[in-house]
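So the chains spell out like this:
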Amino acid sequence: MHSACLVLLALLSEPGTSADLLRWKLAEGESYRIEVRVQSQSAATVNKLVKKVASHQELRLSWQVEGTDAEGNFRIVQRIERLRWRLEGEGGRVVIDYDSDAPPADEQARRASAAVAALVGKSLRVVLSPRGEIISAVPDADFQEALRELEDKENLLYLFSAEGLSAMLAQAMPILPEQAVVPGDKWQLSRRLALAFAPATQKSEYVVIEPSDADRQAGLLPIDVTSQVELEPAEGVSLKITEQHTEGRLIFDVVHGRYLSARFKQLLVTETPFRDDVARARVETAMELTVQPVK
């Protein structure tokens, strides 16, 4: 009987066998580096003509934790530290090749530099709840001034605005479940998407996966995600999604209380009437995010 109790006690104390309450744990004075990489391949077909575009973007953000507010939410200063953007047109022709860490190599890079370079080093004041909800993101005055330079470039304006940056982070680091979880548990989230062609909602399901022995010892919890995009009715929009597939994996560090990494792949195929034909667009996107403490 005594041996049986010892075995039971050992099983109960095994790391990772109990439910984990997933929460962010940030301390005043801590710094983090967030790296985001997005690659996309798109092909648009109209009247048997195919136009292909490839894009590669890299974004490095820094987080400086200033402390917590009265509700226990984290106050963070977020800065854009680096921007890298390479855009290739038909046949691999380079349209834009810009890196804020390097001098502009050509005229296209100089034009891109003029549009986005002013954002580098500028700050947002972010309030993050322990469950990972971005409660507010307020740009400093110099950040807001830099955004005015992008007013005639709507796609860039949204991407680098407080709302755009927050939406990108929310996709890769979604709100954590309210209750403690064990492998097999699921939760769902919905969020609005600012798609160029139509308003849409993305519905995602998150599933806690049984960690490997190594992950369990390190306190890491893998979470798989699948998503569906649903177009919202809009006047004058006849677009429809004919094929889609989104899946990814998130890694949450239970011990240190933060996301460690996220990887996603998405395929989206759409059709819309165009004169006497149908315009088809196929977009494949891969996104990676990592979060690292800065010593």
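Please refer to the structure higher up on the page.
Summarised in this report is the structure supplied together with it.

Here is what the cut-offs are and how they apply
Residues numbered from 1 in each chain as written. Predicted model: local features only at pLDDT ≥ 70, side-chain atom pairs only at ≥ 80, totals over all residues. Heavy atoms only, no water. Helix = DSSP H or I, 4+ residues; strand = E, 2+ residues; numbered from the N terminus. Buried < 20%, exposed > 50% of the residue type's maximum accessible area, 1.4 Å probe, protein only. Contact = heavy atoms within 4.5 Å. Areas by Shrake-Rupley, 256 points an atom, 1.4 Å probe, with all protein chains shown as cover. Phe/Tyr/Trp six-rings, centres within 6.5 Å; stacked < 30°, edge-to-face > 60°. Core = buried A, V, L, I, M, F, W, Y, C linked by side-chain atoms within 4.5 Å. Polar contact = N/O pair within 3.5 Å; in protein donor to acceptor, adjacent residues only side chain to side chain.

Looking now at the overall build of the protein chain. Counting its secondary structure elements, the protein chain contains 6 helices and 12 strands. Of all 295 residues assigned to the protein chain, the portion counted as buried reaches 38%. Considering only intrachain contacts with a sequence separation of at least 6, the fraction spanning at least 24 residues in the protein chain is 59%. Working note: accessible area of the protein chain is about 16,300 Å², and carbon and sulfur atoms make up 52% of it.

A complete count under the given rule lists 4 aromatic pairs for this structure. With centroids separated by 6.0 Å and ring planes inclined at 65°, the aromatic side chains of tryptophan 24 and tyrosine 259 adopt a geometry described as edge-to-face. One end of the pair, tryptophan 24, is in the loop between α1 (2–13) and β1 (31–46); the other, tyrosine 259, is in strand β11 (residues 258–274), and 235 residues separate them in sequence. One exposure class covers both tryptophan 24 and tyrosine 259, and it is buried. Aromatic pair tryptophan 187 and tyrosine 206: ring centres 5.2 Å apart, planes at 20°, arrangement stacked. One end of the pair, tryptophan 187, is in strand β7 (residues 186–194); the other, tyrosine 206, is in strand β8 (residues 199–208), and 19 residues separate them in sequence. Here a set of aromatic residues connected by ring pairs shows up, and it is made of Trp24, Trp63, Phe252 and Tyr259.

All right, on to the nonpolar core then. Core analysis: the largest hydrophobic core is formed by 51 residues, its most contacted members being Trp24, Ile34, Leu59, Trp63, Ile80, Met173 and Leu289. Beyond its immediate stretch of four places on either side in the chain, methionine 173 contacts Trp24, Ile34, Trp63, Gly132, Tyr259, Leu289 and Val291.

The next point concerns the side chain of threonine 246. Within the secondary structure, threonine 246 sits in strand β10 (residues 240–253). A distance of 3.1 Å separates a polar atom in the side chain of threonine 246 from a polar atom in the side chain of glutamine 266. Not counting residues up to four positions away in its chain, the partners in contact with threonine 246 are Val225, Thr226, Ser227, Lys265 and Gln266.

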